[in-house]
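# Architecture and fold: a report
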Amino acid sequence: MTDKEELQDSQHESGSTQKILVADDEASIRRILETRLKMVGYDVVVAEDGEEAVEVFNKTNPDLVVLDVMMPKMDGYGVTREIRRTSDVPIIILTALGDVSERITGLELGADDYVIKPFSPKELEARVKAVLRRTNNKEVVVPTGGKAVAKNVITTGSIKIDTARRQVYRKNERIRLTGMEFSLLELLVNNSGQAYSRNEILQHVWSYPADHRIDTRVVDVHISRLRSKLETDPTNPELILTARGIGYMFQRIN
């Protein structure tokens, strides 16, 4: 079965078509992405500048946003800030090849993933599919060899993690996480005490293939974001620990 057939089958089962907002000031990129994403079954809306992107987002409530960093009227950072005020919708940013700072800033503001320009439409389609699958996933993340926690609700200290509803609370106050932040937390919590390398995390959470070369700081930024939301003192974490020489782990849950 092709990717298009799989997507159409899943949308038929759910009774809905996933909507994607593409915001880019280059008409050729908007046209190509709109055409390609529609071909594989998505509903697509477009915007040519940052202010229009915010307006279209508020009117259409898309399931995912593809967002260029450099746009007139309001740049991609401003759009990301506006969206994150009210929504945890997944955001993929489009960033220049050599500008690492663009990628890091976008991720720190709440983007879930990025694609580097110039890119192939097929690459973006793969990232869109992976991010939507993960952020909409209701199943427990259990890597091969991992051991899932049996309960739907996991409590550690003042933090309560509801894996069925994909929600996190501190003393009954909900902590807002993006879909990718929750999936990362879910991986570590369900395998507490087990260290994962950044590459392993990228494979399990972001669905990057093992041989795909990617800036692993996407993991570091998401870990930092999680710590800022969950830890009492993010500079001295007690829940999400650094495994020296390996990567990251969640404190062992007995």
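Residues numbered from 1 in each chain as written. Predicted model: local features only at pLDDT ≥ 70, side-chain atom pairs only at ≥ 80, totals over all residues. Heavy atoms only, no water.

## Examining the pattern of salt bridges
Opposite charge on two side chains makes pairing possible when the charged atoms of those side chains draw close. Operational definition: In what follows, salt bridge is the name for a side-chain nitrogen of Lys or Arg lying within 4 Å of a carboxyl oxygen of Asp or Glu. The way it works is that DSSP assigns letters per residue, a run of H or I at least four long becomes a helix, a run of E at least two long becomes a strand, and they are numbered from the N terminus. Exposure is judged per residue with a 1.4 Å probe applied to protein chains only, and the accessible area is read against the type maximum: over 50% gives exposed, under 20% gives buried, and values in between give partly exposed.
The final tally for this structure, using the stated rule, is 16 salt bridges. Here Glu 55 makes a salt bridge to Lys 59, at a shortest N to O gap of 3.1 Å. Here Glu 55 pairs with Lys 59, and both are found in helix H3 (residues 50–60), just 4 residues apart, close to one helical turn. For Glu 55, a relative accessible area of 42% corresponds to the partly exposed category. Residues joined by salt bridges that share partners form a network here, namely Asp 24, Glu 26, Asp 68 and Lys 117.

## Focus on the packing of H3 against helix H4 (residues 76–86)
Going by this rule: Fitted lines through C-alpha atoms give the axes, limited to the stretch in contact for helices. The angle between two N-to-C directions lies from 0 to 180 degrees. Should an angle fall under 35 degrees it is called roughly parallel, over 145 degrees roughly antiparallel, and 65 to 115 degrees roughly perpendicular, with every other angle called oblique. Note on convention: near helix rotated counterclockwise from far helix by under a right angle means a left-handed crossing. Clockwise means right-handed. Whether two residues touch is decided by their heavy atoms; if any such pair falls within 4.5 Å, the residues are in contact.
As a packed pair, H3 and H4 sit with axes 9 Å apart at the nearest point and diverge in direction by 20°. Compared by their axis directions, H3 and H4 come out roughly parallel. Pair H3 / H4 crosses with right-handed handedness. Counting all contacts with H3, which are made through Gly 50, Ala 53, Val 54 and Phe 57, the residues of H4 involved are Val 79, Glu 82 and Ile 83.

## Remarks on the sheet that holds strand S1 (residues 19–23)
Backbone hydrogen bonds are what pair the strands of a sheet, in a parallel or an antiparallel way. Cut-off, in case you're wondering: Two strands are said to pair when DSSP picks up at least two bridges between them.
Sheet architecture is open: 5 strands sit in the order S2-S1-S3-S4-S5, paired in parallel fashion. In this open sheet, the two edge strands, each paired with only one partner strand, are strand S2 (43–47) and strand S5 (113–117). Shown here is a sheet whose adjacent strand axes are inclined to one another by a mean of 20°, direction ignored. Along the sheet, H4 makes contact with strand S3 (64–68) and strand S4 (91–96), crossing S3 at roughly 155°.

## Some thoughts on the sheet that holds strand S9 (residues 173–175)
Reading across from one edge, S6-S7-S8-S9 is the order of the 4 strands in this open sheet, with antiparallel pairing throughout. Edge positions in the sheet fall to strand S6 (153–156) and S9, since each has one partner strand and no second. Within this sheet the neighbouring strands show an average axis-to-axis angle of 25°, counted without direction. Pairing geometry for strand S7 (residues 159–162) and strand S8 (residues 167–170), over 4 bridges, is antiparallel. Counterpart to Ile 159 in the pairing with S8 is Arg 170. Across the face of the sheet, helix H7 (residues 179–190) comes into contact with S6, S7 and S8 while running at roughly 105° to S7. Of the strands in this sheet, S7, S8 and S9 touch helix H9 (residues 217–230), which is tilted by about 40° from S8.

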